[in-house]
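Chains, contacts and geometry: an overview
Here is how the chains run, residue by residue.
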Amino acid sequence: MKPFEKNEADLEDGKLDKDRVKTPRSNKVVKFQNQALLSGLAYCISSCSMILVNKFVLSSYDFNAGISLMLYQNFISVIIVSTLSLLGVISTEPLTWRLLKVWLPVNVIFVGMLITSMFSLKYINVAMVTVLKNVTNVITAVGEMYLFQKLHDSRVWAALFLMIISAISGGVTDLSFHAIGYAWQLANCFLTASYSLTLRRVMDTAKHVTKSGKLNEFSMVLLNNFLSLPLGILLIFVFNEVDYLFTTPLLRLPSFWLVITLSGILGLAISFTSMWFLHQTGATTYSLVGSLNKIPLSVAGIVLFKVPTSLENSASIFFGLLAGVFFARAKMRERS
């Protein structure tokens with residue numbers, strides 16, 4: 001999703017036309033660099049914090065209702081986005097019945113992606129989740145080749161091969177290996193790739209049923225989170241989380257409510273900061289920083305949750321993170 005792709009080249013150099021008219025060049029460059037740095041830090045902090053907070057809720061609190069956690073986070077997002085829209089801070093498309101019907105199929109995949117991510121994160125340490133998520137890139141690349149006849153150059157395939165090797169070696173050397181967690185993460189990779197492959201087509205269709213003929217990022221955030229609420233409620237009953245919610249003492253702890261509310265705010269913050277960062281820089285910088293951001297996230301996950309590890313597993317994780325950076329750079333060159 002590249003909402004500001006048309007200005008990508010200029011944004012990377014910090015040379016927007018409107019800035020040329022309004023401000024001197026020196027002031028413009030300083031202002032742009034500050035905005036880019038601030039937005040990049042905000043994006044990195046929010047994305048890292050979201051995963052770490054979710055891991056804390058699911059593992060440290062031992063909360064056994066991942067779907068309920070997802071539902072509450074999405075409910076928080078709907079409340080905040082709707083409020084900002086009513087106040088005129090952001091603009092969103094009206095949620096018409098036609099738009100909801102068009103968006104429902106991709107939303108089902110979106111909900112599955114979030115739920116499997118919650119389930120895998122409960123059993124697998126943060127560093128290994130980060131490495132295993134690289135498999136999503138492999139599935140997406142193969143899907144693009146068969147569905148859209150999109151060819152990738154040798155550097156991209158080399159990076160994807162390194163990702164597969166690192167995921168396998170990481171799993172073999174994982175001292176806290178959990179088969180159920182790995183199964184959920186594999187399912188998450190397929191669902192995330194499916195979401196990526198179907199989103200663009202659904203977006204193009206959805207634009208034809210909106211009043212403005214457009215569909216901005218805030219509208220997509222609202223659509224995904226709003227539609228996930230009834231589906232999430234249904235899944236809570238299907239997975240029998242209701243009984244657990246009535247009996248767990250965690251829901252009587254104010255600190256627990258504070259943490260899960262924070263997780264919901266962070267989830268929305270990722271959407272806002274990623275759009276801000278992409279607008280201030282461009283798709284290439286955004287992609288590379290996203291890959292580099294996984295390195296401190298993995299280290300923090302190992303240290304904060306006291307994950308047992310070995311030299312071989314640490315090397316596999318580091319190898320996988322470097323493969324992600326290599327992949328991002330290969331994709332940059334491919335686009336150029």
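For the structure given in this document, a descriptive report is provided here. (Residues numbered from 1 in each chain as written. Predicted model: local features only at pLDDT ≥ 70, side-chain atom pairs only at ≥ 80, totals over all residues. Heavy atoms only, no water.)

**Some points on the environment of Ile67**
Checked against the element boundaries, Ile67 lands in helix H4 (residues 66-86). A sequence separation of 44 residues divides Ile67 from Val111, and the C-alpha atoms of the two residues are 9.2 Å apart. Beyond its immediate stretch of four places on either side in the chain, Ile67 contacts Ile115, Phe119, Gly232, Leu235, Ile236, Phe239 and Glu241. (Helix = DSSP H or I, 4+ residues; strand = E, 2+ residues; numbered from the N terminus. Contact = heavy atoms within 4.5 Å.)

**Structural notes on the packing of aromatic side chains**
Using the criterion set out here, one finds eleven aromatic pairs in the structure. When the ring of Phe110 is compared with that of Tyr195, the centres are 5.7 Å apart and the planes differ by 40°; the resulting orientation is tilted. Placement of Phe110 in helix H5 (residues 97-123) and of Tyr195 in helix H9 (residues 179-207) is noted, with a sequence separation of 85 residues between them. Neither Phe110 nor Tyr195 differs from the other in exposure class; each is buried. Cluster of aromatic residues (ring-pair linked, three or more members): Phe56, Tyr61, Phe63, Tyr244 and Phe256. (Phe/Tyr/Trp six-rings, centres within 6.5 Å; stacked < 30°, edge-to-face > 60°. Buried < 20%, exposed > 50% of the residue type's maximum accessible area, 1.4 Å probe, protein only.)

**So, the packing of helix H7 (residues 134-148) against helix H8 (residues 154-173)**
Axis separation between H7 and H8 bottoms out at 8 Å; the angle between their running directions is 140°. Considered as vectors, H7 and H8 are oriented oblique to each other. The handedness of the crossing between H7 and H8 is left-handed. Along its contact with H7, which presents Asn134, Val135, Asn137, Val138, Ala141, Val142 and Met145, the element H8 presents Trp157, Leu160, Met163, Ile164 and Ala167. By residue class, the composition of the contact of H7 with H8 is ten nonpolar, two polar and no charged. (Axes fitted to C-alpha atoms, helices over the stretch in contact; angles between N-to-C directions. Parallel < 35°, antiparallel > 145°, perpendicular 65-115°, else oblique. Left-handed = near helix turned anticlockwise from the far one by under 90°. Nonpolar A, V, L, I, M, F, W, Y, C, P; charged D, E, K, R; others polar.)

**Some words on the nonpolar core**
The biggest cluster of nonpolar side chains holds 66 residues, and the ones touching the most others in it are Val57 and Trp103. Ranked by residue count, the leading element in this core is H5, at twelve residues. With near-sequence residues (within four places) excluded, Val57 lies in contact with Asp62, Phe63, Leu69, Phe256, Val259 and Ile260. Of all hydrophobic cores here, the second largest spans nine residues; its members include Val138, Ala141, Val156 and Ala323. (Core = buried A, V, L, I, M, F, W, Y, C linked by side-chain atoms within 4.5 Å.)

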